[in-house]
Amino acid sequence: MTDLFSMDPTTLYFVLTALLANFLNGFNGSANSVATMIASRAMHPRKALLLSAAAHFCGPFLSGMAVAVAMGSGVVQEGATRLPVIWAALLATVAWSLVSSLLGFPSSYSHALIGGLVGAAVAGYGLDALQFRGLLKILLILFTSP
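Residues numbered from 1 in each chain as written. Predicted model: local features only at pLDDT ≥ 70, side-chain atom pairs only at ≥ 80, totals over all residues. Heavy atoms only, no water.

Colleague: With reference to specific residues and values, describe the overall build of the protein chain.
Modeller: The helix and strand inventory of the protein chain stands at six helices and zero strands. For the protein chain, the α and β elements follow one another from N to C terminus as α-α-α-α-α-α. Projecting the C-alpha coordinates of the protein chain onto the three principal axes gives extents of approximately 50 × 45 × 35 Å. Scored against the burial criterion, the 146 residues of the protein chain give a buried share of 25%. Sequence separation of at least 24 residues holds for 70% of the intrachain contacts in the protein chain that already meet a minimum separation of 6. Carbon together with sulfur atoms contributes 71% to the accessible area of the protein chain, which is approximately 9900 Å² in total. Positive and negative charge centroids in the protein chain, built from 6 and 4 side chains respectively, lie 25 Å apart. (Helix = DSSP H or I, 4+ residues; strand = E, 2+ residues; numbered from the N terminus. Buried < 20%, exposed > 50% of the residue type's maximum accessible area, 1.4 Å probe, protein only. Contact = heavy atoms within 4.5 Å. Areas by Shrake-Rupley, 256 points an atom, 1.4 Å probe, with all protein chains shown as cover. Lys, Arg positive; Asp, Glu negative; His and termini not counted. Charge placed at Lys NZ, Arg CZ, Asp CG, Glu CD.)

See below:
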């Protein structure tokens, strides 16, 4: 088995980008989910964050991966989901998450990831890379959910 630092540099950069993206997703999601508990003093901040971390870790195991599958297969044609497109989508998501956090803008990691994926696929493969029916369904859900 190869250790993390002896792998190909491109793979290492991709893995580090994915880890940073997941950290920012948890950072944003945890703050949103615990803000009310902490502000109302219903729970101590440390306990609230530990509960949030446990819930974010267990979520995919307990409730499945339907959202991730829908995003991965319903938005962009299968042939356009190559490593450069996914990497560009992750980099765009990381950049938007960092900029919006630093400027104090509320942002959605899911919106940023969809935008990054759509933008990268269109830049790499043109409008034919999009699955408009799946994209419309996801956009409706994103805009109508609280």
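Colleague: A description of unusual backbone geometry should follow, citing residues and the corresponding values.
Modeller: Where the residue is not glycine, phi is negative for most of them; where a peptide bond is considered, it is trans in most cases. One non-glycine residue with positive phi stands out, namely R41, at about 60°. Here R41 lies in the loop between α1 (9–39) and α2 (45–63). On the basis of relative accessible area, R41 is assigned to the exposed category, the value being 76%.

Colleague: An account of the environment of L24 is needed here, citing residue identities and associated values.
Modeller: One can find L24 in helix α1. Assessed through its relative accessible area of 9%, L24 is described here as buried. Separated by 69 residues in the primary sequence, L24 and T93 have C-alpha atoms spaced 9.2 Å apart. For L24, the residues in contact, after removing those within four places along its chain, are V94, S97 and L98.

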